[in-house]
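# Structure at a glance
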Amino acid sequence: ADVEGPSGVLGVITPRDVLRAFVEHIPADARVDNWLHGLHSRWQPRAVRGDAMLPEAAEVMARGLVHHLVVVSPGTSSEVLGVISSTDLAYAMGAEEHSVAGIGHGPEQKHR
């Protein structure tokens, strides 16, 4: 369910990318699109279709050693639906585990 990347989308800038630019002494007036194009040869696919299951997105992140994925429309990989982070995945998968185990803060739960 991973895709090559939506057309027109170059990538997602993360705090880690900013730190890398600082360490590599990238000039502050450098254009983001030029910098991203320069990195493109090192990229693995960093997008996932919107109909992918959460474990599939986690696998794409792990395989690519990335913490963010662009989520694209299942019908056309050119429509960006959003961005999902490893934190989003951890929260969603943790919430799913809690609901399966019957742990939660629903109205029927009493707080101690």
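It should be noted that the structure appears before, not after, this text.
What counts and what doesn't
What you see as residue numbers is a count from 1 along each chain, following the sequence as written. Residues qualify for local features only when their pLDDT is at least 70, as the model is predicted, and side-chain atom pairs are given and counted only at 80 or more; totals for whole chains, interfaces and linings, by contrast, use all residues. No hydrogens and no water enter the side-chain calculation; it runs on all heavy atoms of the structure. For this document, the term salt bridge refers to a Lys or Arg side-chain nitrogen within 4 Å of an Asp or Glu carboxyl oxygen. Here the term buried applies to any residue with accessible area under 20% of the maximum for its type, exposed to any over 50%, and partly exposed to those in between, with areas from a 1.4 Å probe on protein chains only. Only runs of H or I of at least four residues qualify as helices and only runs of E of at least two qualify as strands under DSSP, and these elements are numbered from the N terminus. One bridge is not enough; two strands pair if DSSP finds at least two bridges between them. Here is how to tell: hold the view so the strands point away, follow the path from the first strand over the helix to the second, and if it runs clockwise the crossover is right-handed.

Moving on: the pattern of salt bridges. All told, the structure shown has two salt bridges when counted by the stated rule. Between Arg49 and Asp51 there is a salt bridge; the shortest N-O distance is 2.6 Å. According to the relative accessible area criterion, Arg49 is partly exposed, its value standing at 30%. Between Glu59 and Arg63 there is a salt bridge whose closest N-O contact spans 3.9 Å. One end of the pair, Glu59, and the other, Arg63, are both in helix H3 (residues 54–64), four residues apart, so they sit about a helical turn from each other.

Moving on to the pairing of strand E3 (residues 68–72). Looking along a regular strand, one sees side chains alternate from face to face of the sheet. E3 sits mainly inside the fold: four of its five residues count as buried. Pairing of strand E2 (residues 47–49) with E3, which is carried by three bridges, proceeds in the parallel orientation. By the bridge assignment for E3, Ala47 is matched with Val70. For the segment spanning E2, H3 and E3, crossover handedness is right-handed. Taken together, the five bridges between E3 and strand E4 (residues 80–85) define a ladder with antiparallel strand orientation. By the bridge assignment for E4, Val70 is matched with Val83.

All quantities given are derived from atomic positions and should not be read as evidence of function.
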